[in-house]
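Observations on the three-dimensional arrangement
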Amino acid sequence: MNASDASRNARSAVPWVTTAARLGLGGVLIAAGGLKIGNPSESVVAVRAYELLPDSVATTVGYALPIAEIVIGVLLVIGLMTRVAAVAAALLMLAFVFGIAWAWANGLRIDCGCFGGGGELGAGQEPTYLVDILRDFGFVLLGAWIVRFPPGRFALDRPLGLAGMDHLTTEEENGDGQGRPGEVGA
Amino acid sequence: MGKGDRAKSAREKIEQQRAADRVRERRKKLVTYVTAGAVALAAVGAGWWYAASRSQSEQAGEALAPITVQPDGAVVMAKQGVERPVVDVYEDYQCPACRELERVSGPTLKNLAAEGLAKVVFHPITIFSQEPTKSNSVRAGAAARCVTEGAKWMTYHDLLFENQPSEAGEGFKLDDLVAWGEDAGITDPAFAECVTSQKYAQAQLAYSQKIGDEQKIEGTPTIKVNGTAIDNSVAFTPQELRQTITEAAK
């Protein structure tokens, strides 16, 4: 195997990495939203526990967050509007990183409420801010990868023609033997 | 026309064709994008609306059922002669979820008692074991125990939740606790002294201990209907709470 083979292999792995990232990030969002959606009041309490937003805004966010997570997660998993969904997911995760860091910096003792719960720590439970921040930052990176290399394999964006003009698409089309129309007579 | 010219015009035609295709393609793409985006946004909107409507509070009626403060600090709200179903509410003045429960489902509990459909018993306990939340909770709990008139107790109880402090620092300060008593219409001169001396702090702690041991409360808020704890997703959904309690009456 020479150097150019290796780089081609690496390049053909990229869409698969994107697919894996989509499934990972989307799956986590669906799980997080699904665990919260049955109990909107608890979600409101969890948002309020951060003491970051005024009460009325916190209520709205608490009601909207679980369903927003699920919708963004589904879009990522099926690969529809992949890039937009990935931007939204990455921003959401960044907001969570900021919120948790805020709670930590302000000396709050809360549970992040990431996967349900009202933000209360159980008896004898310690906050896990660092772990939560690192985890969510990892998801920001996954989101960034998807934004950079959308939409990956098995994405609805492709049959719908939404895959965009990024260079990988054209390369793949060449690989599929379709070639660029302009090159036919060349 | 030379060979070169013909080739050039053919190339131009192809180029034009391709440009038209590109425009059509872009338009189609835009329509697909807008449609998918609109559906996604509509789903979020519908989900938000559903969550908000599930948490929609009842309108509290004007008249409350008679409220009596028990010697042990529990507070009974029930129409005369209503003994079942018993709805026990275990809550902590410092607990944010309890505040939310009062905001969302408080009116339902008041209405059910006023309609003679339930005997509601409030158990204000101190669930926190760490500072500063523990002291905050004990101060508020001890202060509420100074209120002996039922209706005023309820007003004071509601004011405590409305003014719940952050869990991150000292709150429910003595001066505030006295001032909210005046807001609640408490005129008894002994009240301020009772609050500032924290006369019932020990009683509040002992009662919390007793309730914790006997009722196996895992957290606040906990609502028990005829002795059985109900799920919080029911407790926080006024419609379902009403249904669960009225069914327990049968």
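Residues numbered from 1 in each chain as written. Chains lettered and ligands numbered in written order. Predicted model: local features only at pLDDT ≥ 70, side-chain atom pairs only at ≥ 80, totals over all residues.

For the rest of this paragraph, the subject is unusual backbone geometry. All names here are of chain B. Across the junction of Glu-131 and Pro-132, the peptide omega takes the value 5°, indicating a cis bond. Residue placement: Pro-132 occurs in the loop between strand 4 (119-124) and helix 3 (133-144). The residue after Thr-220, namely Pro-221, is reached through a cis peptide bond having omega -5°. Its place among the elements puts Pro-221 in the loop between helix 7 (201-215) and strand 5 (222-225). (Helix = DSSP H or I, 4+ residues; strand = E, 2+ residues; numbered from the N terminus.)

Working definition: the strands of a sheet are paired by backbone hydrogen bonds and lie parallel or antiparallel to each other. Residues and elements named next belong to chain B. With mixed pairing, six strands are arranged side by side in an open sheet as 1-2-4-3-5-6. Of all strands in the sheet, those bounded by a partner on one side alone are strand 1 (67-69) and strand 6 (228-229). Direction of pairing for strand 5 relative to strand 6: antiparallel, over a ladder of two bridges. Residue pairing for strand 6: Lys-224 is matched across the bridge by Ala-229. Contacts from helix 2 (residues 96-114) reach strand 2 (75-77), strand 3 (86-91) and strand 4, with the element oriented near 160° to strand 3. Contacts between helix 4 (residues 150-162) and the sheet are confined to strand 1 and strand 2, with strand 1 contributing the most and set at about 85° to the helix. (Pairing = 2+ DSSP bridges. Contact = placed C-beta atoms within 7 Å. Axes fitted to C-alpha atoms, helices over the stretch in contact; angles between N-to-C directions.)

All names here are of chain B. For helix 3, with 12 residues, the first-to-last C-alpha span of 17 Å sits near the 16 Å given by 1.5 Å per residue. Of all 12 residues that make up helix 3, 10 are buried, and the element is covered over most of its length. All buried positions along helix 3 are accounted for by Thr-133, Asn-136, Ser-137, Val-138, Arg-139, Ala-140, Gly-141, Ala-142, Ala-143 and Ala-144. Residues of helix 3 that are buried sit in contact with strand 4, helix 4, helix 5 (174-183), helix 6 (190-196) and helix 7. (Expected span 1.5 Å × (residues − 1). Buried ≥ 20, exposed ≤ 12 C-beta atoms within 10 Å, placed from the backbone.)

The next point concerns the domain arrangement of chain B. You can read the domains of chain B as domain 1 (1-54) and domain 2 (67-248). Once you take the C-alpha centre of each, domain 1 of chain B and domain 2 of chain B turn out to be 60 Å apart. (Domains from an automatic or database assignment.)

This part is about the interface of chain A and chain B. Counting from both sides, the interface comprises 28 residues of chain A and, opposite them, 28 residues of chain B. Elements supplying a minimum of two residues to the side of chain A that touches chain B: helix 2 (40-48) and helix 3 (55-78) of chain A. Of the residues belonging to the side of chain A that touches chain B, the class tally is 16 nonpolar, seven polar and five charged. (Nonpolar A, V, L, I, M, F, W, Y, C, P; charged D, E, K, R; others polar.)

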